[in-house]
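Structural description and commentary
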Amino acid sequence: MAKKKGAETVFTDRKLTGERDEDNPYVTCALYFLVALMSLLLILVVFVAMCEVNGTSMRDSYQHGDNILMYRFAKSFKHGDVIVFDIEEAGEKDRLIKRVVGIGGDELVFVKSGKNAEGKDTAIMYRKDAGADSFVAVDEDYILESMLYEKLNVDKLKGKIAENTTAEELNRCKIQVDQGFLFVMGDNRNDSKDSRVFGAVTEASVVGKEIFHFTQGSLLEKIMLLIFGSPKQASLLPIYL
């Protein structure tokens, strides 16, 4: 760069003077956006997985073919969480999706509540949370229909009996959930293989906790499928039942 000072021409070096062209604000914004987008994609790939609901055990909350995002590294759980977990029975492994209805320290009681239109006995669940003094009927407005009493596996459900259990309660299906375990059930209670069959599952068996449920065919679902690929095709993302 040359500057004229009277009759003398003076040459300066931008590197020496520290002078530089001003940044283009559009280029800067584009770079920031690209960095933010790449960071978001990295977080999604590392911490989040997309899976597909296969079957009817979670109706009407989730339909066959629905996709959900799940957090891979969940360590704490509460009532109502929807989780994906691994289970092995008779040498065969399954990966299931169910709702948490009991956590460590809870006591659950299933009581006959009446009959359905076909004359079959129905049941309602009562829960005494860890540290609570009494059982409370669990409000489950998300379940498809009243749970049939015949679906309860009495042998699996019998557990430790609290000291203050009444004589009447001793005749009920009852279980105490140990620390580190979760009692899970499908929302479609009469068409679900869950803790009523195989007992409580360990927290260590959980591979993910649902953080978002997509509406089938929505724009957001299509965008996520572009990022993660179809769960049916991705070898690292098996279909969940």
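Anything mentioned here points back to the structure above.
1. So, the overall build of the protein
A tally of regular secondary structure across the protein gives 5 helices and 14 strands. Counting across all 241 residues of the protein, residues that qualify as buried make up 35%. Summarising the internal contacts of the protein: among those between residues at least 6 apart in sequence, 60% fall at separations of at least 24.

2. Focus: the environment of D194
Checked against the element boundaries, D194 lands in the loop between β12 (181-185) and α4 (195-198). A relative accessible area of 0% places D194 in the buried class. Between the C-alpha atom of D194 and that of V184, which follows or precedes it by 10 residues, the distance is 6.2 Å. Leave out the neighbours within four places in its chain, and D194 touches K98, V184, M185, G186 and G199. Among the polar contacts made by the side chain of D194, one reaches the main-chain amide nitrogen of G186 at a distance of 3.1 Å. Here S192 takes part through its side chain, which lies 2.9 Å from a polar atom of the side chain of D194.

3. A closer look at a nonpolar patch on the surface
Taken together, the side chains of F47, Y71, F73, I211, F212, L219, L220, I223 and I227 present a nonpolar region at the surface, about 790 Å² in accessible area. Listed by contribution, the elements that provide at least two residues to the nonpolar patch are β14 (206-213) and α5 (219-228). Per-element accounting of the nonpolar patch gives the leading share, 4 residues, to α5.

4. Section: the nonpolar core
Core analysis: the largest hydrophobic core is formed by 14 residues, its most contacted members being L108, F110, M125, M147, L152, F183 and M185. Contributing elements (two or more residues each) for this core: β7 (107-115), β8 (121-128), β11 (173-176) and β12. Setting aside anything within four residues of it in sequence, one finds L108 in contact with V101, G102, M125, Y126, R127, F135, C173, K174, I175, V177 and F183. In terms of nonpolar packing, the next biggest core, distinct from the first, is built from 12 residues, F77, F85, V100 and V201 among them.

5. Let's talk about the packing of aromatic side chains
Using the criterion set out here, one finds 5 aromatic pairs in the structure. Measuring from ring centre to ring centre gives 5.1 Å for F212 and F214, while their planes differ by 65 degrees; the resulting arrangement is edge-to-face. Judged by relative accessible area, which is 38%, F212 ranks as partly exposed. With relative accessibility at 3%, the residue F214 sits in the buried group. Note that R99 overlies the ring of Y142, its terminal NZ or CZ placed 3.9 Å from the centroid. In this structure, K112 packs its charged tip against the face of Y149, placed 4.9 Å from the ring centre.

Parameters at a glance
Residues numbered from 1 in each chain as written. Predicted model: local features only at pLDDT ≥ 70, side-chain atom pairs only at ≥ 80, totals over all residues. Heavy atoms only, no water. Helix = DSSP H or I, 4+ residues; strand = E, 2+ residues; numbered from the N terminus. Buried < 20%, exposed > 50% of the residue type's maximum accessible area, 1.4 Å probe, protein only. Contact = heavy atoms within 4.5 Å. Polar contact = N/O pair within 3.5 Å; in protein donor to acceptor, adjacent residues only side chain to side chain. Patch = residues over 30% accessible without salt bridge, like charges linked within 9 Å, V, L, I, M, F, W, Y side chains within 5 Å. Areas by Shrake-Rupley, 256 points an atom, 1.4 Å probe, with all protein chains shown as cover. Salt bridge = Lys/Arg side-chain N within 4 Å of Asp/Glu carboxyl O. Core = buried A, V, L, I, M, F, W, Y, C linked by side-chain atoms within 4.5 Å. Phe/Tyr/Trp six-rings, centres within 6.5 Å; stacked < 30°, edge-to-face > 60°. Lys NZ or Arg CZ within 6 Å of the ring centre and 35° of its normal.

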